[in-house]
Amino acid sequence: MPSGELPGVLRILPELVLTLAGVLVMLLDAAMPAASSRRRLGWVAAAGVTLALWASLFQVFMPSGTAFYNTVQTNAFTVFFHVLICAIVLIAVLLSIDTLPANQHHRGEYFALMLFGTVGMCLLTSAIDLLTVFISLEISSISTYILAGYRKHTGNSPEAAIKYFLLGSFATGFLLYGVAMIFGATGSTQINVLANLIPGAKSHSMVLIAFALMMVGVLFKVSAVPFHVWTPDVYQGAPSPVVALMSTAP
């Protein structure tokens, strides 16, 4: 079947499954009595991630192609990372079910944020437009900002969340400004188009500056030197399953 005949929604099927699972967790959490255990919500989240994993494997049988005006792409590269990310998140969710205290507040939000963060990570591997890359990165980052401060009754957790949020927002500004400069130099934000436009760009210095600014944001997200100063404090203050997630999938 030609790629153009496939519905665009199939190109983001894992992300759609994760989003619906996250919404379901939030609705169930709101419907449950306040005194009841939220542990079962972890199993709902685990089931949602497992379905997303199967949805990713289903994409193996789809022909490579793009959707939504060439902003996302499905191929062997994206499927591999979808499977990898879903497997990592599934382990983190299962760790959270038994690691977090049974009477911990806001456990429903915790599992929902894990699912929504996974949406951003999976969409990031499919994105072929710099604006989609930025949006995906922020979906993932905002979820991890909140998860880092989940143990709000301890001294280290709020500090970790604040440091991560402030430094992350600062790095995000660099990334977005670099995207704006790339668009100003080439007139496009689509990665496939940029590969052909950049060699003929009128201002190569602007392109180089734009790439440098974008790399600041990317290197911060992967805690690469010299943008790694946030990592020790955040990892110390965040819950152990969140650290397991943050040190691998994002």
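Read on for an overview of the structure. Treat the numbers as computed from the prediction; the structure is a model and nothing was measured.

1. Examining the packing of helix H5 (residues 130-148) against helix H6 (residues 156-186)
Here H5 crosses H6 at 175 degrees, and the two axes come no closer than 9 Å. Taken as axis vectors, H5 and H6 run roughly antiparallel relative to one another. Judged by residue contacts, Leu130, Leu131, Phe134, Leu137, Glu138, Thr144, Tyr145 and Ala148 of H5 engage Ser157, Ala161, Tyr164, Phe165, Gly168, Ser169, Thr172, Leu175, Leu176, Val179 and Ile182 from H6. Its residues assigned to classes, the contact of H5 with H6 comprises 13 nonpolar, 5 polar and 1 charged.

2. Notes on H5
Compared with the 27 Å implied by 1.5 Å per residue over 19 residues, the 26 Å span of H5 between its first and last C-alpha is a close match. If you check the start of H5, you find a side-chain oxygen 2.9 Å away from the backbone N of Leu131, and it comes from Asp129.

3. Some words on a nonpolar patch on the surface
On the surface, Trp54, Leu57, Val60 and Phe61 cluster together into a nonpolar patch covering about 490 Å² of accessible area. Within the secondary structure, Trp54 sits in helix H2 (residues 39-58). On the basis of relative accessible area, Trp54 is assigned to the exposed category, the value being 57%.

4. Here's the deal with the packing of aromatic side chains
Considering all chains together, one arrives at 11 aromatic pairs under this definition. Consider the rings of Tyr164 and Trp230, whose centres lie 4.7 Å apart with planes at 10 degrees: the pair is stacked. You can see Tyr164 sitting in helix H6 and its partner Trp230 sitting in the loop between helix H8 (204-221) and helix H9 (231-237), a full 66 residues away along the chain. Like Tyr164, the residue Trp230 is buried in the burial classification. A network of ring pairs unites the aromatic residues Tyr145, Tyr164, Phe165, Phe220, Trp230 and Tyr235 as a single cluster.

Rules used throughout
Residues numbered from 1 in each chain as written. Predicted model: local features only at pLDDT ≥ 70, side-chain atom pairs only at ≥ 80, totals over all residues. Heavy atoms only, no water. Axes fitted to C-alpha atoms, helices over the stretch in contact; angles between N-to-C directions. Helix = DSSP H or I, 4+ residues; strand = E, 2+ residues; numbered from the N terminus. Parallel < 35°, antiparallel > 145°, perpendicular 65-115°, else oblique. Contact = heavy atoms within 4.5 Å. Nonpolar A, V, L, I, M, F, W, Y, C, P; charged D, E, K, R; others polar. Expected span 1.5 Å × (residues − 1). Polar contact = N/O pair within 3.5 Å; in protein donor to acceptor, adjacent residues only side chain to side chain. Patch = residues over 30% accessible without salt bridge, like charges linked within 9 Å, V, L, I, M, F, W, Y side chains within 5 Å. Areas by Shrake-Rupley, 256 points an atom, 1.4 Å probe, with all protein chains shown as cover. Salt bridge = Lys/Arg side-chain N within 4 Å of Asp/Glu carboxyl O. Buried < 20%, exposed > 50% of the residue type's maximum accessible area, 1.4 Å probe, protein only. Phe/Tyr/Trp six-rings, centres within 6.5 Å; stacked < 30°, edge-to-face > 60°.

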